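Report on the structure
Next come the chains, spelled out residue by residue.
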Amino acid sequence: MSAPAALQELLLSRITDVPDYPKPGVMFKDITPLLSDPAAFGALTDAFAELCERHRADKVVGLEARGFILAAPVAVRAGIGFVPVRKAGKLPGATLGQAYELEYGTAEIEIHADALAPGDRVLVIDDVLATGGTADASVQLIRRAGAEVAGLAVLLELGFLAGRQRLQPGLQGAPLEALITV
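A brief look at the structure comes next. Predicted model only: the values in this text are computed from it and were never measured.

Quick look at the side chain of Asp136
Topologically, Asp136 is positioned in helix H5 (residues 133-144). Buried Asp136, no salt bridge; nearest opposite-charge side chain is Arg166, N-O distance 4.8 Å. Those residues in contact with Asp136 that sit more than four places away from it in its chain are Leu167 and Gly170.

Quick look at the structure:
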């Protein structure tokens, strides 16, 4: 699903391209201008909250770190719980972890062991879908916790990086909603 044209136009007008960041050859999509615009940020929050309702989510998971910024207000707007997915070692207490492959090496993400319960329907929210590694690991982590993946929603999908194709098997039919695809 793509967002309506007017919403896409509003959101895209507030996303800035930053060439050669964080390294030469990369075109970074900076969402901080969108976050500083209350109309654009509110419209984005509303769009994600509507997806929570449509997919009957009762929790949202936000992926570190920009996913936290987007998912927390969505949880409030939708009246449901928020669960942060953090890099390994950042959460106190008992955690569940999921390792995944990076271009060079591996990484690990975690949630609190009691953050999700069997029967929870979880919508994963992040800012950008690139190669899909972190999103795929989060889907696996949610299922290992006994919860159901209601879907994955992103503001921006970088289609040329094929993250959607990487994610499809792990989503097991759960929808992948990108408001904008470039």
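That was the structure; now back to the text.
Examining the nonpolar core
One finds Leu34, Phe48, Val60, Ile125 and Leu155 to be the most contacted residues of the largest nonpolar core, which totals 32 residues. Contributions of two or more residues to this core are made by helix H1 (5-13), helix H2 (32-35), helix H3 (38-54), helix H4 (66-78), strand S7 (121-129), strand S8 (148-157) and strand S9 (176-181). The biggest single contributor to this core is H3, with eight residues. Once residues lying within four places of it in the same chain are set aside, the contact partners of Leu155 are Leu11, Ile15, Ile31, Leu34, Leu44, Phe48, Asp126, Asp127, Leu179 and Ile180.

Quick notes on the sheet that holds strand S3 (residues 59-63)
To summarise the sheet geometry, strands pair through backbone hydrogen bonds and adopt either a parallel or an antiparallel arrangement. Within the open sheet, the seven strands sit side by side as S5-S6-S4-S3-S7-S8-S9. Their pairing is mixed. The open sheet has two edge strands with one neighbour each: strand S5 (95-102) and S9. Each strand axis lies, on average, 20° off the axis of its neighbour in the sheet, ignoring direction. Running over the sheet, H1 touches S8 and S9 and is turned about 65° from S9. Sheet strands touched by helix H6 (residues 163-171): S5, S7, S8 and S9. Its angle to S9, the strand with the most contacts, is close to 165°.

Rules and cut-offs
Residues numbered from 1 in each chain as written. Predicted model: local features only at pLDDT ≥ 70, side-chain atom pairs only at ≥ 80, totals over all residues. Heavy atoms only, no water. Helix = DSSP H or I, 4+ residues; strand = E, 2+ residues; numbered from the N terminus. Buried < 20%, exposed > 50% of the residue type's maximum accessible area, 1.4 Å probe, protein only. Lys, Arg positive; Asp, Glu negative; His and termini not counted. Salt bridge = Lys/Arg side-chain N within 4 Å of Asp/Glu carboxyl O. Contact = heavy atoms within 4.5 Å. Core = buried A, V, L, I, M, F, W, Y, C linked by side-chain atoms within 4.5 Å. Pairing = 2+ DSSP bridges. Axes fitted to C-alpha atoms, helices over the stretch in contact; angles between N-to-C directions.

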